[in-house]
Amino acid sequence: MGKALIIGAGGVASVVVHKCCQNSEVFEEICIASRTLSKCDALKDKLQGGKTKITTAQVNADNTEEVIALIKKVKPNVVINVALPYQDLTIMDACLATKVDYVDTANYEPIDTAKFEYKWQWDYKKRFEEAGITALLGSGFDPGVTGVFSAYALKHYFDEIHTIDILDANAGDHGYPFATNFNPEINIREITANGSYFEDGQFIETEPLEIKRVYNFPVIGNKDMYLLHHEELESLALNITGIKRIRFFMTFSERYLTHLKVLENVGMTSIKPIDYEGHKIVPLQFLAAVLPDPASLGPRTKGKTNIGNIFTGIKDGKEKTYYIYNVCDHEECYKEVGSQAISYTTGVPAMIGAMMVMTGTWKRPGVNNIEEFDPDPFMEALNKFGLPWQESFCPELVE
Ligand code: NDP
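Every value quoted in this text rests on a predicted model; they were computed, and no experiment measured them.

## Quick look at the packing of helix H3 (residues 64-74) against helix H4 (residues 88-98)
Each packed pair of helices is defined by two parameters, the angle between the axes and the distance between the axes.
No. 1: Contact geometry for H3 and H4: axes closest at 8 Å, N-to-C directions at 45°. The angle between H3 and H4 falls in the class oblique. Considering how the two elements wind past one another, H3 and H4 form a crossing that is right-handed. Seen from H3, the contacting residues are Thr64, Val67, Ile68, Ile71 and Lys72; seen from H4, they are Thr90, Asp93, Ala94, Cys95, Ala97 and Thr98.
No. 2: Residue composition of the contact of H3 with H4, by class: 6 nonpolar, 3 polar and 2 charged.

Next up, the structure:
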């Protein structure tokens, strides 16, 4: 079918590469390009020999001209951006210049401000339309599958959806006192920011981790969850017409939060550069460098994740509740692709999103969030490529 250029060679990219190779009918060729070439080459060495042809390249994706030159050389049908959110705009600029479709898993965030919102990427809508190319934003799990679940619920189960609670629960244990499951810098910026939720047409801000709930989940049991601001709230608030409230909750253990509080209190989570022995360093970037690499957690992590959505709304004039979720086992993921479940649950949907765009199943010039497309082929692909979903009674709210 065609060729994908994968930018990034970290935890998520590794899963994307594995999954593209498992889907060689669609991904006949891939090029893995990242800042550190040796990481791309290591992935190539591990996976070459199958039907998918693999090449590698070094690229600084902060530099649009470098990305343009690479796209011109590789001539991909789609660029899969699994580097960091800081590179979204430079890579989108390069896609515009070369008229190549674009897929990512996280919305743009300026490196010097801990603030993420879709505004910057939505501003590209007209230019992508005029260029006749498709951008698919947020094709991970959350954002990503949670948006597909929402479109699926609306298509098949509701006339109107009134509330969505997204519950992201990780019952995995990697044995370290403190580590993050994906890029530490991005993860800690997200958690230490103010929370927010959407209600009655507006966003309501909370203090960081101010709102706590305990849910009893299928398979993984009782979990402490905290309300966070999350990017899909912004797009779902627009795309699910009639929605009255959307909230996002994520699990954090007491141990994790205690470490985080100490790091915050001593200034290690700050993104303001400081002088250290004549060098400028950003405390959070230094912290990220000393924490375990999320890609190294795979062999140590045991347990499962459970991520899904609870919907309430109306069908045929009656009130209704619907719960849909995926359970993913860290050790099974490691056996299959050498990564823990957080990278896996992000990398599989990134590959599926790229497949949807490349095969023309999802093709709409412009900048699109995932819930704007027909969810059915994506839902089918989730079952086929390792993230089967289940429907059941809602998890019980314990406190
Ligand atoms: P990692 O830190 O493991 O990997 C990031 C990769 O990007 C590294 O290989 C890094 O290179 C590369 N990179 C960073 N800057 C540049 C640059 N300027 N040019 C080229 N390459 C660069 O992160 P993860 O794999 O954990 O996360 C990848 C993305 O997935 C992030 O955007 C994250 O927010 C997103 N994500 C989305 C989720 C979802 O459900 N939607 C869930 C989890 C993550 P180097 O090796 O040299 O550092």
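## Section: the site of the ligand
No. 1: Of all residues adjacent to the ligand, which total 28 residues, the nearest are Arg35, Thr36, Lys39, Ala61 and Asn183.
No. 2: Contact between the ligand and Lys39: an oxygen atom at 2.7 Å from a side-chain N or O atom of the residue.
No. 3: Taken by itself the ligand offers 930 Å² of open surface, and the protein chains cover 92% of this.

## Description of the pairing of strand E9 (residues 202-206)
No. 1: Here strand E8 (residues 195-199) runs beside E9; their pairing, made up of 5 bridges, is antiparallel. Along E9, the bridge assignment pairs Phe198 with Phe203.
No. 2: The hairpin formed by E8 and E9 contains 2 residues between the paired strands, and Asp200 there has a positive phi angle of roughly 50°.

## What to know about the nonpolar core
No. 1: Counting residues in hydrophobic clusters, the biggest one holds 83 residues, and the most contacted among them are Phe27, Ile30, Ile80 and Ile352.
No. 2: Residue contributions to this core peak at 11 residues, all from helix H13 (residues 341-358).
No. 3: The contact partners of Ile352, leaving out residues within four places of it in the chain, are Phe378, Ala381, Leu382 and Phe385.
No. 4: The next biggest cluster of nonpolar side chains, apart from the first, holds 30 residues, and it includes Cys31, Ala57, Met92 and Ala135.

## Observations regarding the pairing of strand E17 (residues 366-369)
No. 1: Across the two faces of E17 the burial is the same, with Gly366 and Asn368 and Val367 and Asn369 all buried.
No. 2: Note that strand E6 (residues 134-137) and E17 share 4 bridges and pair parallel. Considered in E17, the bridge of Leu136 is made with Asn368.

## Thoughts on the environment of Ser34
No. 1: Relative to the elements of secondary structure, Ser34 occurs in strand E2 (residues 27-34).
No. 2: Taking the C-alpha atoms as reference points, Ser34 and Thr55, 21 residues apart in sequence, are found 12 Å from one another.
No. 3: A polar contact is formed between the side chain of Ser34 and the backbone nitrogen of Ala9, at a distance of 3.4 Å.

## Some words on the packing of aromatic side chains
No. 1: Inspection of the entire model under this criterion finds 18 aromatic pairs.
No. 2: Their ring planes at 65° and their centres at 6.5 Å tell us that Tyr215 and Phe249 sit as a pair that is edge-to-face. Placement of the pair is Tyr215 in strand E10 (residues 212-217) and Phe249 in strand E12 (residues 245-251), with a sequence separation of 34 residues.
No. 3: Under the relative-accessibility criterion, Phe249 is labelled buried at 0%.
No. 4: Taking the centre distance of 6.3 Å and the plane angle of 45° together, the rings of Tyr226 and Phe252 count as tilted. Residue Tyr226 is located in strand E11 (residues 221-227), and its partner Phe252 is located in the loop between E12 and helix H10 (254-265); the two are separated by 26 residues in the primary sequence.
No. 5: You can call Tyr226 buried: its relative accessible area is 9%.
No. 6: One aromatic cluster in this structure is built from Tyr152, Tyr157, Phe158, Phe311, Tyr322 and Trp389.
No. 7: The ring of Tyr124 has Arg127 sitting right over it, with the charged end atom 4.2 Å from the ring centre.

## Quick look at the sheet that holds strand E3 (residues 53-58)
No. 1: Read across the open sheet, the 7 strands follow the order E3-E2-E1-E4-E5-E6-E17; overall the sheet is parallel. Each edge of the open sheet is held by one strand with a lone partner, namely E3 and E17. Averaged over neighbouring strand pairs, the angle between their axes works out to 20° when direction is ignored.
No. 2: Across 2 bridges, strand E5 (residues 101-104) lies against E6 in parallel orientation. When the bridges of E6 are listed, Tyr102 appears paired with Ala135.

## Structural notes on the pattern of salt bridges
No. 1: If you walk through the whole model with that rule in mind, you get 20 salt bridges.
No. 2: A salt bridge links Glu130 to Lys126; the nearest nitrogen and oxygen atoms lie 2.9 Å apart. Note that Glu130 and Lys126 are positioned in helix H6 (residues 125-131) at a spacing of 4 residues, about one turn of the helix. Take Glu130 and Lys126: they sit in the same class, and that class is exposed.
No. 3: Measuring nitrogen to oxygen at the nearest pair gives 3.8 Å for the salt bridge that ties Arg255 to Asp173. Placement of the pair is Arg255 in helix H10 and Asp173 in the loop between strand E7 (160-170) and helix H8 (184-192), with a sequence separation of 82 residues.
No. 4: By relative accessible area, which is 42% here, Asp173 ends up partly exposed.
No. 5: Each of Lys3, Glu29 and Lys53 takes part in a single network of salt bridges with overlapping partners.

Quick notes on the rules
Residues numbered from 1 in each chain as written. Predicted model: local features only at pLDDT ≥ 70, side-chain atom pairs only at ≥ 80, totals over all residues. Heavy atoms only, no water. Axes fitted to C-alpha atoms, helices over the stretch in contact; angles between N-to-C directions. Helix = DSSP H or I, 4+ residues; strand = E, 2+ residues; numbered from the N terminus. Parallel < 35°, antiparallel > 145°, perpendicular 65-115°, else oblique. Left-handed = near helix turned anticlockwise from the far one by under 90°. Contact = heavy atoms within 4.5 Å. Nonpolar A, V, L, I, M, F, W, Y, C, P; charged D, E, K, R; others polar. Near = heavy atom within 4 Å. Polar contact = N/O pair within 3.5 Å; in protein donor to acceptor, adjacent residues only side chain to side chain. Areas by Shrake-Rupley, 256 points an atom, 1.4 Å probe, with all protein chains shown as cover. Pairing = 2+ DSSP bridges. Core = buried A, V, L, I, M, F, W, Y, C linked by side-chain atoms within 4.5 Å. Buried < 20%, exposed > 50% of the residue type's maximum accessible area, 1.4 Å probe, protein only. Phe/Tyr/Trp six-rings, centres within 6.5 Å; stacked < 30°, edge-to-face > 60°. Lys NZ or Arg CZ within 6 Å of the ring centre and 35° of its normal. Salt bridge = Lys/Arg side-chain N within 4 Å of Asp/Glu carboxyl O.

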